[in-house]
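Architecture and fold: a report
Each chain is listed here by its residues.
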Amino acid sequence: MSQIVSVEIGNITTHAKSLLKNTITFESRIMEAQDQHLLDSSREIFEIDNKKFMLEMGSYENNIYKYEKKNFKNILHYAVSKVAESGNVKLITSIPANQYNAFKDEMKNVIMNNNKITVISDEKIKNITIEEVAILPEGYSVYKTTPKEFLIVGAKTIIIDIGGGTTELIIFDENGRFIYGDSVNEGLLNLFDKIQTDIQSKSKKLISIEDVRKFVDRELKVIGLNNYTYDSIVNEFGGKLINLINGKIPYLMQCNVIVIGGGAEKLQDVIKESIPHALFNTNVKSLCESNLTVAEAKWRK
């Protein structure tokens with residue numbers, strides 16, 4: 001029996017889960033390992049196509065067409081190998097809702113044209129074949145798996161997915177049917193860029209976007225920034241984002257609203273002020289996990 005695997009590759013983070021393995025999360029950064037990197041035994045080094053790579057090094061690759069990313073194949077293959085054993089897999093993933101009709105087949109072809117996976121990690125070789133791919137509009141599965149008692153029956157529902165490069169809008173009608181998707185070209189990388197500029201102007205400290213993300217998520221301490229705050233930047237960014245979303249969906253306040261993605265927690269307070277009835281799913285793994293739930297229902301019939 002084929003294994004079922006869900007993988008979500010974002011501009012900032014990647015998530016993967018199978019029915020056998022819990023969700024793994026890592027930054028969507030990968031680079032070829034150099035000799036000096038091999039000296040550090042704490043760093044995972046893995047091999048694909050006779051090249052050694054390491055995770056969470058290099059720069060974020062911001063591309064709204066995720067399957068065109070330079071490292072899309074390597075990130076996908078690594079992610080699948082971490083949650084599946086050697087053998088055949090059925091893969092589910094998603095594409096921005098406004099790209100679904102025009103580009104889902106193109107994305108599927110990219111994956112299936114590279115469906116043979118060989119990854120060497122921890123001296124263990126995994127050989128995996130992706131035999132089938134299902135692609136959903138981003139946010140579709142989150143709506144389908146949200147308990148309906150949390151929603152107003154008979155109202156339209158808008159999913160606001162605040163990601164790294166963009167904010168995706170997924171619209172469902174009053175009967176729960178996917179209508180269409182739209183996109184706002186603002187995401188967390190824009191917010192981090194504003195914080196980066198503010199830090200430099202106030203403290204003369206040069207911090208990469210990748211380190212700004214770690215600083216905001218409290219994974220990195222920067223000497224000299226103990227008293228630095230960026231609340232005003234978050235509030236201004238969130239207010240601008242809400243205005244842009246209202247421009248796309250002027251009837252937003254008449255709908256159920258579910259906010260997901262990496263920005264759901266960071267912008268929760270400012271969004272709540274403008275949309276008091278909004279629901280927030282702050283589990284950044286939720287899209288990957290809900291996709292797997294949909295996949296299991298589809299392929300285990």
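Our subject in this report is the structure included herewith. It should be emphasised that the depicted structure is a prediction, and the values quoted were computed from it without experimental measurement.

Another point: the sheet that holds strand E10 (residues 157–162). The strand order E12-E11-E10-E13-E14 describes an open sheet built from 5 strands, whose pairing is mixed. Two strands bound the open sheet, and with one partner strand each, they are strand E12 (178–184) and strand E14 (279–280). In this sheet, E14 lies alongside strand E13 (residues 256–260) in parallel orientation, the contact comprising 2 bridges. Residue pairing for E14: Ile258 is matched across the bridge by Leu279. Strands in contact with helix H6 (residues 231–248) are E10, strand E11 (167–172) and E12; relative to E12, the strand with the most contacts, it is inclined by about 140 degrees.

Moving on to the sheet that holds strand E1 (residues 3–9). Spatial strand order, E3-E2-E1-E7-E9-E8-E5-E6-E4: 9 strands in an open sheet with mixed pairing. Of all the strands in the sheet, just strand E3 (24–27) and strand E4 (30–32) have a single pairing partner and so form its edges. Neighbour-to-neighbour, the strand axes of this sheet turn through a mean angle of 35 degrees, independent of strand direction. Contacting strand E7 (87–95) and strand E9 (124–137), helix H2 (residues 100–112) crosses the sheet at an angle of about 165 degrees to E9.

Glancing now at empty space enclosed by the protein. Taken as a whole, this structure holds 1 cavity of 30 Å³ or more when the rule is applied. Quantified by volume, the largest cavity comes out at close to 30 Å³. Looking at the largest cavity, the residues that line it are Ile9, Lys66, Phe72, Leu76, Thr93, Met107 and Ile111. Going through the elements one at a time, helix H1 (72–83) and H2 are the ones with two or more residues in the lining of the largest cavity. Of the residues that constitute the lining of the largest cavity, the class distribution is 5 nonpolar, 1 polar and 1 charged.

What counts as what
Residues numbered from 1 in each chain as written. Predicted model: local features only at pLDDT ≥ 70, side-chain atom pairs only at ≥ 80, totals over all residues. Heavy atoms only, no water. Pairing = 2+ DSSP bridges. Helix = DSSP H or I, 4+ residues; strand = E, 2+ residues; numbered from the N terminus. Contact = heavy atoms within 4.5 Å. Axes fitted to C-alpha atoms, helices over the stretch in contact; angles between N-to-C directions. 1 Å grid on protein atoms, 1.4 Å probe; cavity = no way out; pocket = protein on both sides within 12 Å on 5 of 7 lines; lining within 4 Å. Points joined across faces, edges and corners; volume = space filled by probe spheres on them. Nonpolar A, V, L, I, M, F, W, Y, C, P; charged D, E, K, R; others polar.

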